[in-house]
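# Examination of the molecular architecture
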Amino acid sequence: MTIFNRRDALVTLTAGSIAAAASSKAFAADVPQPRRAGAGGDDPGPRNVGRDIQNPDILNQPITDAGTLPNLRFSFADAPTKEYPAGWTRQITIRELGISKSIAGVDMRLNAGGMRELHWHKEGEWAFMLYGNARITAVDADGKNFVGDLGPGDIWYFPSGIPHSIQGLGPDGCEFLLVFDDGSFDEDSTFVVSDWFKHVPKSVLGKNFGIAETHFNSLPSPSERYIFPLPIPGSLKSDEIAGATAVSSGLVHRMSAQEPIKSSGGTVRIADSKNFPVSKTIAAALVEIEPGGLRELHWHPNTDEWQYYIEGVGRMGVFAANGHSRTFDFAAGDVGYVPFAMGHYIENTGDTPLRFLEMFKSDHYADVSLNQWLALTPPEVVSGHLNFDAATMAALKKNKEPVVSGG
C-alpha cells in the first residue's frame with residue numbers, strides 16, 4: 001500500500017468511526033432532539049450536545065416564540081480569561097454581546113493579597129461582591145479619602161474619574177462583578193498609575209513631586225502591575241491616613257443585608273440613588289426566585305436591563321412587539337439583556353433558588369407590572385380587550401408582586 005493510499009484509508013476509517021459515533025450519540029434516548037409532535041426531526045450531527053442540553057428553549061423554541069430578535073445572552077464561560085500573577089479577569093462588552101450598548105461587565109478574581117493596581121476610569125464603576133473579602137480605597141476631587149472592607153453581597157460605586165484600588169483579603173481573596181455604565185468599556189482602556197509614570201519624563205516627575213529625578217529610576221513596567229501580589233493588609237485602622245478627611249458620601253452599601261421586598265415566589269432587594277445616593281448612573285435589583293417561581297411579566301419604562309446570573313437555572317421570555325418574541329436559558333455566570341421597554345419574565349426552571357442581578361444605566365429603579373396595570377384599569381376595558389371572564393378579572397392584583405410562586 002502506498003503512502004497516499006494508506007492516508008486515504010485512514011481518513012476514510014476515521015471519518016466513518018466519527019460519523020458512526022456521532023450518529024449513535026445523536027439518537028441516544030437522553031440526547032435532546034429538535035423535534036416535537038408533528039414537527040422537526042432528529043439531528044444526526046455534527047452538533048454540540050452539551051450546548052443543546054444547556055439551551056432547551058433554543059433547541060426547541062416554545063410555540064409562543066415568533067419572529068426575529070437579536071441574541072440576548074452571553075456567558076462569561078465564553079469570554080477569554082486574562083491571567084496575572086495575583087488573579088484573573090474576563091469581560092463582556094458590546095464586542096461580545098452586541099446589543100449591550102449601555103452596560104459592560106467584568107468578572108474579576110483577586111488572590112489573597114492580590115492588588116488591582118491604582119487606577120481610574122472614564123466610566124462609573126459599580127461592583128457586587130460574589131465571594132470572599134476585599135479592601136477598597138479611593139480619593140475624590142476634594143482630597144477626601146475612603147478605605148473600606150467588603151464581603152459577599154456588598155456593593156461599591158466609584159463615580160467616573162475617581163481613582164481607586166481593590167485588594168483581596170484573607171483567607172482566600174475575593175471574586176466580584178464589575179459593572180460599567182458604557183457598553184463599549186474595555187479593561188485595556190483603564191488609566192493605571194504605573195503606565196502614566198512610565199510616560200512622563202523623569203525631569204517632570206521630579207519637578208512635580210519636588211525630589212530629584214533619580215528617585216524614579218526603578219519604576220516598574222506596567223505589565224508587572226495590573227493585578228499583582230502585595231502583603232495582606234492589616235486592620236482598617238492600620239490603613240488610616242493621618243490628617244485625612246473621609247469621603248462624605250458612602251461608597252459602599254450592604255445590599256444583601258437590606259430588608260427585601262417579599263412576595264409569594266421570592267424576594268427583591270433594590271439599590272439605587274434613593275438608598276445608595278452616590279450611585280448616580282447605576283441602579284440594581286438583587287432577585288431571588290424559589291423553584292417554580294416567576295419574576296412576573298413586566299417591563300422597565302426608563303432604560304435597558306443588563307442581568308448577571310449568580311446561581312440556579314432559569315429561562316427568560318422577551319416580547320418585542322409586532323409579534324416578535326424569543327426565549328433564552330440561563331445558568332450561573334451568564335449575562336442576559338433586555339432592550340428598553342420590552343416585556344419579559346424570568347422563570348426558575350431548576351430545583352434550587354435562582355439568584356440574579358438586574359442592572360440599569362439610571363439613577364433609579366423602575367418597573368411596570370402587567371398584572372397591576374390590568375388590575376388598575378377599568379374592568380370593562382380589560383375584559384373588552386382580552387375576553388377575560390369574571391374569575392380572571394377577580395384574580396388580578398392591585399398591589400405589585402415582583403416574584404410569584406409556581407403554586
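Conventions adopted
Residues numbered from 1 in each chain as written. Predicted model: local features only at pLDDT ≥ 70, side-chain atom pairs only at ≥ 80, totals over all residues. Heavy atoms only, no water. Pairing = 2+ DSSP bridges. Helix = DSSP H or I, 4+ residues; strand = E, 2+ residues; numbered from the N terminus. Axes fitted to C-alpha atoms, helices over the stretch in contact; angles between N-to-C directions. Domains from an automatic or database assignment. Contact = heavy atoms within 4.5 Å. Buried area = accessible area lost by both parts, 1.4 Å probe. Salt bridge = Lys/Arg side-chain N within 4 Å of Asp/Glu carboxyl O. Buried < 20%, exposed > 50% of the residue type's maximum accessible area, 1.4 Å probe, protein only. Core = buried A, V, L, I, M, F, W, Y, C linked by side-chain atoms within 4.5 Å.

The name given to the protein chain in an unreviewed UniProt entry is Oxalate decarboxylase, with the source organism recorded as Phyllobacterium myrsinacearum.

### Re the sheet that holds strand β3 (residues 73-75)
Here seven strands make up an open sheet; going across it, the order is β3-β24-β21-β26-β19-β18-β17 and the pairing antiparallel. The sheet is open, and its two borders are formed by β3 and β17 (261-263), each paired with just one other strand. Taking the axes of each pair of neighbouring strands and ignoring which way they run, one obtains an average angle of 20° across the sheet. Taken together, the three bridges between β17 and strand β18 (residues 266-271) define a ladder with antiparallel strand orientation. Along β18, the bridge assignment pairs I261 with V268.

### Concerning the domain arrangement of the protein chain
Taken domain by domain, the protein chain consists of domain 1 (76-253) and domain 2 (258-404). For domain 1 and domain 2, the distance between their C-alpha centres works out to 32 Å. With 25 residues of domain 1 at the contact, the number on the domain 2 side is 24 residues. Across the interface of domain 1 and domain 2, roughly 2100 Å² is buried in total on both sides, 75% from carbon and sulfur atoms. Three residues stand out in domain 1 for area buried against domain 2, namely W126, Y157 and H253, and they jointly supply 26% of the buried area on that side. The interface formed by domain 1 and domain 2 holds zero salt bridges in total.

### Topic: unusual backbone geometry
Most peptide bonds adopt trans geometry, and most residues besides glycine take a negative phi value. Cis peptide bonds are those with omega within 30 degrees of zero, and the linkage from G45 to P46 qualifies with 5°. Inspection of the secondary structure assignment puts P46 in the loop between β2 (39-40) and α2 (49-54). Of note, the bond from G170 into P171 is cis; its omega dihedral lies within 30 degrees of zero at 5°. Structurally, P171 can be placed in the loop between β12 (164-168) and β13 (174-180). One non-glycine residue, A321, lies in positive phi territory at about 75°. Examined against the element boundaries, A321 turns out to sit in the loop between β22 (313-319) and β23 (325-331).

### Side note on the pairing of β23
The buried count for β23 comes to five of seven residues, which makes it a mostly enclosed element. Inspection of the sheet shows β22 paired to β23 by seven bridges, in the antiparallel sense. Paired with M316 across the strands is F328, a residue of β23. Linking β22 to β23, which pair antiparallel, is a turn of five residues; within it A321 sits at a positive phi near 75°.

### Digging into the nonpolar core
Ranked by internal contacts, the top residues of the largest apolar core, which has 73 residues, are W126, W156, F176, W306, L357 and M359. The contact partners of W126, leaving out residues within four places of it in the chain, are I155, W156, Y157, L177, L178, V179, M255, S279, I282, A284, L357 and M359. L374, A375, V382 and L396 belong to the second largest nonpolar core, which has five residues in total.

### Digging into the pairing of strand β7 (residues 114-120)
Taken across its seven residues, β7 has five buried, putting it largely inside the fold. Across three bridges, β7 lies against strand β15 (residues 227-229) in antiparallel orientation. When the bridges of β15 are listed, R116 appears paired with I227. Where β7 and β12 come together, three bridges link them in antiparallel fashion. Counted as the bridge partner of M115 is Q167 from β12. The pairing of β7 with strand β14 (residues 191-192) spans two bridges and is antiparallel. Bridged to H119 within β14 is V192.

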